[in-house]
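Each chain is listed here by its residues.
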Amino acid sequence: MEKSRKLIISVASGKGGTGKTTIAVNLALSLSNVQLIDCDVEEPDCHIFIKPVIESRHTIFIPVPVVNQNKCDGCGRCQEVCLYNAIAVVNKEVIIFPELCHGCGSCTYFCPHKAIEEEKKEIGIVEIGKSGETQFVHGKLNVGMMMSPPVIRAVKKHINKKKTAIIDAPPGTSCPVITAIKDTDFVILVTEPTPFGLNDLILAAEVVRKMRLPFGVIINRSDLGNKKTDEYCARENIPVLMRIPFSKKIAEIYSRGDLIIKVLPEYNKEFQELYKKIEQVKVNPT
Amino acid sequence: MKVAITSSGPTLQSNVDPRFGRCPYYIIYDTEDGSFKAVENKSNLAAGGAGIQAGQNISDMKVEAVITGNVGPNAFRVLSAAFIKIYSGASGSVKDAIEKLKKGEYRETAGPDVGSHFGMGR
């Protein structure tokens, strides 16, 4: 690995509410020369903790098809090629469901009569700013929109390779998560030692393995629940990078929108060590 | 008249499946001669737009009416554009549903009766 190249680390989880944002913001702010990138565009919340000054905003559009009735003969080719069931053609009438459209452009490309024109549809915004020395980027999907990946891709375009990037990913195991963690150097999976936490961790680990990304686990509220998460990680050779206890103090800090590393400065070192461990795992993958 | 009944299985004894877009089978029944065939619903595993795809398939089969439990807004739009009659609120066996249709016990549905994603189990 080249020395100059900075890591892009994504923070994900199968289950929601395990502490992705807590890890992402505290890790980012414990480091220098860093970017914090909130890719959870359906519910971005990193800004609550780091209170950035927003310096620029960009509107994100996707192209959606509009049929020129004068040219369309209702052949149905657009319906056949749409992978997302966003088009129906019945009685030679083309019905478009823009909310299902991914903006891939296949219908426009394959229409034999050039009857499809594309219209820009606004789906969200990207905001760029900073908080102290930390660069900040996040995306916001417009209310009522379902297609978050184009907004996530637009957010990721602002990754600056000269800085370490910490990405807060959405929860789950579907397209938005894949889009957020794709092409990152390392994935932190945050979990809690409960049956739900473990079930969703296993699903997330399968996804990350399929994507061939190096990853490790952080167990949040680690003194709750049972030992099954530890046993799973040991059995699967997944490094447990950090444990955060179930603490009323930490819960209070979070509820006030504060940073753990500011109120409990001893955590600065813990998060910096987390980063070092990731560098090591990244260099010597198991 | 060809009628499509959303079904949990491939026979007339199967129960009507309440989901239009995500039922496992359609029974395509011909009211003229009483013949029927079972068609697997290939759109029931679609990530999104199952109702739209199902509406398209039903329309392509030249069906004139649909009997089902519920129909969502997108499927309703496709079926309406195809001038397919919709009888929703059906339950019990497919055979009973056909008998009820023959006796004129169903009233045509005027609008979608569930929201999007009803059939996705969440």
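What you see is a predicted model, and the numbers here were worked out from it, not measured in a lab.

Student: Hey, could you go over the domain arrangement of chain A for me, with residue numbers and the actual values?
Tutor: Structurally, chain A comprises domain 1 (8-60 + 124-283) and domain 2 (69-114). Placing a centre on the C-alpha atoms of domain 1 of chain A and another on those of domain 2 of chain A gives a separation of 38 Å.

Student: Describe the pairing of strand β2 (residues 34-38) of chain A, listing the residues and the values that go with them.
Tutor: Residues and elements named next belong to chain A. Counting buried positions over the 5 residues of β2 gives 5, a clear majority of the element. Along β2, one buried face is formed by Val34, Leu36 and Asp38 and the opposite face, lined by Gln35 and Ile37, is buried too. Where β2 lies against strand β8 (residues 164-168), 5 bridges are found, and the strand directions are parallel. Across the sheet, Leu36 pairs through a bridge with Ile166, a residue of β8. For β2 and strand β7 (residues 134-141), the ladder comprises 4 bridges, and the chain directions are parallel.

Student: With reference to specific residues and values, describe the sheet that holds strand β9 (residues 186-191) of chain A.
Tutor: All names here are of chain A. Spatially, 9 strands are ordered β3-β6-β7-β2-β8-β1-β9-β10-β11 in an open sheet, and the strand pairing comes out mixed. A single partner strand is all that each edge strand has here, and the edge strands are β3 (53-67) and β11 (240-244). Strand-to-strand twist in this sheet, taken as the mean axis angle between neighbours without regard to direction, amounts to 20 degrees. This element, helix α1 (residues 20-30), spans β1 (8-12), β2, β7, β8, β9, β10 (215-220) and β11 of the sheet and lies at about 165 degrees to β8.

Student: Residues and numbers for helix α8 (residues 228-235) of chain A, please.
Tutor: An α-helical segment advances 3.6 residues per turn. Residues three or four places apart therefore align on the same side. Residues and elements named next belong to chain A. Every buried residue of α8 is listed here: Thr229, Tyr232 and Cys233. Down the axis, α8 shows its buried residues gathered within 95 degrees of arc, on one side only. Opposite its buried face, α8 presents the exposed residues Lys228, Ala234 and Arg235, each directed more than 90 degrees away. On its buried face, α8 sits against β9, α7 (195-210), β10 and β11.

Student: Requested: an account of the side chain of Gln56(B), with residues and values cited.
Tutor: Within the fold, Gln56(B) resides in helix α1 (residues 50-60). For Gln56(B), a relative accessible area of 3% gives the class buried. Beyond its immediate sequence surroundings of up to four residues, Gln56(B) is in contact with Gln79(A), Ile87(A), Ala88(A), Val89(A), Val90(A) and Val78(B).

Student: Give me the interface of chain B and chain A: which residues, what numbers.
Tutor: Contacts between the two partners involve 15 residues from chain B and, on the opposite side, 15 residues from chain A. Considering only the surface of chain B that becomes buried against chain A, Ile52(B), Gln56(B) and Arg77(B) emerge as the three largest contributors, covering 41% of it. Where chain B meets chain A, there are 0 salt bridges. For the pair chain B and chain A, the number of links is 4 residue pairs in polar contact (both at pLDDT 80 or more). Put simply, the parts of the chain that give the side of chain B that touches chain A at least two residues each are α1 and α2 (73-81) of chain B. In terms of residue count, α1(B) provides more of the side of chain B that touches chain A than any other element does, 5 residues in total. Split by residue class, the side of chain B that touches chain A holds 7 nonpolar, 7 polar and 1 charged.

Student: So what about the packing of aromatic side chains? Which residues, and what values?
Tutor: Under the counting rule described, the total for this entry stands at 5 aromatic pairs over all chains. Taking 6.4 Å as the distance between ring centres and 45 degrees as the angle between the ring planes, the aromatic pair formed by Tyr267(A) and Phe271(A) counts as tilted. In this pair, Tyr267(A) and Phe271(A) are both assigned in helix α11 (residues 266-283), 4 residues apart and thus about one turn of the helix distant. The residue whose ring lies beneath Lys120(A) is Phe61(A), and the NZ or CZ to ring-centre distance is 4.5 Å. Here the basic side chain of Arg77(B) rests over the ring of Phe97(A), its NZ or CZ set 4.8 Å away from the ring centre.

Student: Can you explain the sheet that holds strand β4 (residues 65-67) of chain B? Please cite residues and give values.
Tutor: All names here are of chain B. If you walk across this open sheet you meet the 5 strands as β3-β2-β1-β4-β5, and the pairing is mixed. In the strand order of this sheet, the two ends are held by β3 (36-40) and β5 (85-87), each with one partner. Adjacent strand axes in the sheet meet at a mean angle of 20 degrees, parallel and antiparallel pairs treated alike. Sheet topology note: the strand β2 (residues 25-30)/β3 ladder contains 5 bridges and is antiparallel. Across the sheet, residue Tyr25 finds its bridge partner in β3, namely Glu40. Each of β1 (2-7), β2, β4 and β5 is contacted by helix α3 (residues 94-102), which is oriented at about 140 degrees to β1, the strand it contacts most.

Thresholds, definitions, all that
Residues numbered from 1 in each chain as written. Chains lettered and ligands numbered in written order. Predicted model: local features only at pLDDT ≥ 70, side-chain atom pairs only at ≥ 80, totals over all residues. Heavy atoms only, no water. Domains from an automatic or database assignment. Buried < 20%, exposed > 50% of the residue type's maximum accessible area, 1.4 Å probe, protein only. Helix = DSSP H or I, 4+ residues; strand = E, 2+ residues; numbered from the N terminus. Pairing = 2+ DSSP bridges. Axes fitted to C-alpha atoms, helices over the stretch in contact; angles between N-to-C directions. Contact = heavy atoms within 4.5 Å. Arc of directions from axis to C-beta. Buried area = accessible area lost by both parts, 1.4 Å probe. Salt bridge = Lys/Arg side-chain N within 4 Å of Asp/Glu carboxyl O. Polar contact = N/O pair within 3.5 Å; in protein donor to acceptor, adjacent residues only side chain to side chain. Nonpolar A, V, L, I, M, F, W, Y, C, P; charged D, E, K, R; others polar. Phe/Tyr/Trp six-rings, centres within 6.5 Å; stacked < 30°, edge-to-face > 60°. Lys NZ or Arg CZ within 6 Å of the ring centre and 35° of its normal.

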